[in-house]
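Letter by letter, the chains look like this.
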Amino acid sequence: MSKGVTPRSKDYAKWYTDVVQKAELADYSPVKGCMVIRPYGYALWEQIRDFLDRRFKETGHVNAYFPMLIPESFLRKEAEHVEGFAPELAVVTHGGGKELEEPLVIRPTSETIIWSMYKKWINSYRDLPLLINQWANVVRWEMRTRLFLRTTEFLWQEGHTAHATGEEAEEEAHRMIDVYRQLCEEMLALPVHVGRKTENEKFAGAVNTYTIEAMMGDMRALQAGTSHYLGQNFAKAFDVKFQTEDNVMEYVYASSWGVSTRLVGAVIMAHGDDQGLILPPRIAPYQIIIVPIYKNPKDKEKVMGLVSTLEKAFKEHGIRYHTDGRETVSPGFKFNDWEMKGVPLRVEIGPKDADKNGLMRIRRDTGEKIFLAIDDFMNSCKETLEDIQQSIYNSRLAFREANTTDVATYNELKEVVEKGGFARTFWAGNSEMENRIQEETKATIRCILFEKTKESGPCVMTGKPSTEQVIFAKSY
RNA sequence: CGGGGCGUAGCGCAGCCCGGUUAGCGCGCCUGCUUUGGGAGCAGGAGGCCGGGAGUUCAAAUCUCCCCGCCCCGACCA
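Residues numbered from 1 in each chain as written. Chains lettered and ligands numbered in written order. Predicted model: local features only at pLDDT ≥ 70, side-chain atom pairs only at ≥ 80, totals over all residues. Heavy atoms only, no water.

So, about the protein's contact with RNA strand B. Surrounding RNA strand B, one finds 40 residues, the nearest of these being R144, R150, R262, S330 and D353. The contact atoms of RNA strand B, taken as those within 4 Å of the protein, divide so that sugar and phosphate hold 45%. Backbone polar atom of T151 to a base nitrogen of RNA strand B: 2.5 Å apart, as the coordinates give it. Separating a base oxygen of RNA strand B from a backbone N or O atom of K352 is a distance of 2.9 Å. Per element, the largest residue contribution to the surface near RNA strand B is seven residues, and it comes from helix α10 (residues 331–340). Across the surface near RNA strand B, the residue classes tally to 14 nonpolar, ten polar and 16 charged. (Near = heavy atom within 4 Å. Polar contact = N/O pair within 3.5 Å; in protein donor to acceptor, adjacent residues only side chain to side chain. Helix = DSSP H or I, 4+ residues; strand = E, 2+ residues; numbered from the N terminus. Nonpolar A, V, L, I, M, F, W, Y, C, P; charged D, E, K, R; others polar.)

A word on the pattern of salt bridges. For the structure shown, the criterion picks out 38 salt bridges. E58 is the partner of R55 in a salt bridge, and the nearest nitrogen-oxygen pair spans 3.5 Å. With a gap of three residues between them, R55 and E58 both fall in helix α2 (residues 39–58), about one helical turn apart. R361 is the salt-bridge partner of E368, the closest N and O atoms lying 3.1 Å from each other. Given the relative accessible area of 33%, E368 is considered partly exposed. For R361, a relative accessible area of 7% puts it in the buried group. Linked through salt bridges whose partners overlap, the residues forming this network are K197, E201, E213 and R446. (Salt bridge = Lys/Arg side-chain N within 4 Å of Asp/Glu carboxyl O. Buried < 20%, exposed > 50% of the residue type's maximum accessible area, 1.4 Å probe, protein only.)

Taken domain by domain, chain A holds domain 1 (12–271), domain 2 (288–390) and domain 3 (404–473). Domain 1 and domain 2 are separated by 40 Å when their C-alpha centres are compared. Contacts between the two partners involve nine residues from domain 1, matched on the other side by five residues from domain 2. Surface buried jointly by domain 1 and domain 2 totals about 610 Å² across both partners, of which 50% is contributed by carbon and sulfur atoms. Put simply, domain 1 and domain 2 have one salt bridge between them. Put simply, E24 and K341 hold a salt bridge, and the shortest N to O gap is 2.8 Å. Remark: the boundary between domain 1 and domain 2 carries four residue pairs in polar contact (both at pLDDT 80 or more). Mapped onto the side of domain 1 that touches domain 2, the elements with two or more residues apiece are α2 and α6 (166–187). (Domains from an automatic or database assignment. Contact = heavy atoms within 4.5 Å. Buried area = accessible area lost by both parts, 1.4 Å probe.)

With mixed pairing, eleven strands are arranged side by side in an open sheet as β3-β7-β8-β14-β11-β10-β9-β22-β25-β21-β20. Because the sheet does not close on itself, it has two edges, and the strands there are β3 (62–63) and β20 (404–406). Examined bridge by bridge, strand β10 (residues 208–215) and strand β11 (residues 221–231) share eight bridges and lie antiparallel to one another. Looking across to β11, one finds that E213 is bridged to Q223. Each of β7 (130–139), β8 (153–163), β11 and β14 (253–260) is contacted by helix α5 (residues 111–121), which is oriented at about 30° to β8, the strand it contacts most. Packing against the sheet, helix α8 (residues 262–271) makes contact with β10, β11 and β14, and its axis sits at approximately 145° to β11. (Pairing = 2+ DSSP bridges. Axes fitted to C-alpha atoms, helices over the stretch in contact; angles between N-to-C directions.)

Take helix α12 (residues 374–402) next. Here α12 is 29 residues long and its end C-alpha atoms lie 39 Å apart, about the 42 Å a rise of 1.5 Å per residue gives. Maximal helix bending in α12 amounts to about 50°, located at C381. (Expected span 1.5 Å × (residues − 1). Bend = angle between axes of the 7 residues up to and from the residue.)

We now examine the side chain of Q469. Secondary-structure assignment places Q469 in strand β25 (residues 469–473). Classification of Q469 as buried rests on a relative accessible area of 1%. A polar side-chain atom of Q469 sits 2.8 Å from a polar atom in the side chain of T453. What Q469 contacts, discounting residues up to four positions off in sequence, is D406, R424, T425, F426, C447, I448, L449, K452, T453 and K454.

Per-residue pLDDT for chain A averages 93, and the proportion of residues at 70 or more is 100%. Least confident of the elements in chain A is helix α4 (residues 79–85), whose mean pLDDT is 81; most confident is β3, at 98. (pLDDT = per-residue confidence, 0-100.)

As a further point, take the packing of α2 against α6. Direction vectors running N to C along α2 and α6 enclose 140°, while the axes themselves pass 11 Å from each other. By the angle between their directions, the pair α2 and α6 is classed as oblique. Crossing handedness for the pair α2 and α6: right-handed. Across the interface between the two elements, Q47, I48, F51, L52, R55 and F56 of α2 pack against M176, V179, Y180, Q182, L183, E186 and M187 of α6. Among the residues making up the contact of α2 with α6, the classes are represented as nine nonpolar, two polar and two charged. (Parallel < 35°, antiparallel > 145°, perpendicular 65-115°, else oblique. Left-handed = near helix turned anticlockwise from the far one by under 90°.)

Attention now goes to the packing of aromatic side chains. As enumerated under the stated definition, the model contains 16 aromatic pairs in all. Here W427 and F472 contribute two aromatic rings whose centre-to-centre distance is 5.6 Å and whose plane-to-plane angle is 75°, an arrangement assigned as edge-to-face. Remark: F472 occurs in strand β25 and W427 occurs in the loop between β21 (422–426) and α14 (431–441); sequence separation between them is 45 residues. Accessibility assignment for this pair places W427 and F472 in one class, buried. (Phe/Tyr/Trp six-rings, centres within 6.5 Å; stacked < 30°, edge-to-face > 60°.)

If you want it as structure tokens, here you go:
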């Protein structure tokens, strides 16, 4: 294996796959389009999962598990839904050596199987709201795949809720997109735009789709999570009615929402540099890597004494750390290795440091390298990790703002999108215009912003006054 | 599905155009010694159905045909 990764400036796509593989996050599987998530990459997903699972439970949700195999006919019950997913279904036609009477699809998403069950479970307004989440794998037979960002099989969570009123279901959809925003901003140090999808871009079967959109290191947009208000579409398709307090039968209202292992890709692309990954401390599997340095048994004893003091303190403070005690590779190799893996703080302890009862501390995000006495280090340690978390977020926000341009005309929009970045403008156009812009510029409306910089303005295409401010960008 | 690239050791590649003894190189791996504060050095060693099949030939990694697979770029999508 060669050293280092392809520089981002030379080939961004190559840089990305280099980092994924060299940081040992994932590897290609024997099956086209699938990937193996390696322990270090899976650890990132576990951090995301743990954060979300806690938030889901805090907001009143419970976990359940529905089967992966779904009768093919279920998919056909919701017209838009089947149209949206039919081309990318994997279908099981044989089982136990015999052809099946009805083919089974491997879930591309679980609305249909879940709503077939909700029909059994929901009878009365007393059964509502029903707030269920599941952690699962899904399969979508995509034409083109990319490690983490788009794989044939991926891991995700999908929340599926049923409510007595549309307002309540809408509120739920908003609540959950906000949980995703918190995940990105607080945990992944990733600023996102929160907004609504246009008709063109919304989920197959949804009334409204809400999204969070992030800017990657190459200035392209990445949809990091979605939350849908489904109205009564699935309730009608699966005939899920409830009896109201007034003894009236009514279809229930629904929401669904999900994020996937794609978020790991977002972290890589948003923060990484030509040395490899840069992990925000809150998601980093190891927040601190300790590299002991010694030449002889005497030095080793001295150094390791200090190391175990540190380890004990890290445990007490709940800091995730790892000591790289490999004796077969040089310190220099370890420095590069852990930089590739994006560990936020590195601590080097050699005989010289041990003599002074101190250590060298190196920040992955800034490269800052300073000597600190052990006590000073321990006293500032948590604070430093927080500072790294914050400054990574700040730098991403600054990057996004520096590469966002308000545009007033279609020509300006083209220019901005061409050179890379977000174009922000008002919009009152229709679906055909959107398609035309996509054909001509490759850019799409990423979202209609919840947080506008101005109340209203003229539409970039039609000139008509509009209150809908949007972001145009090329996306993943 | 369209365009491009590639299948030779665990990984990355050379050799192929112009067929010819034992198929090379770098990294990694194993053993030993010396090393260890930014990807260590030397010595020795292990490891190949040259993607698969069929053909041409005295002889195929190399030429011909067919097949399979993967990666990258587009259309589709989280």
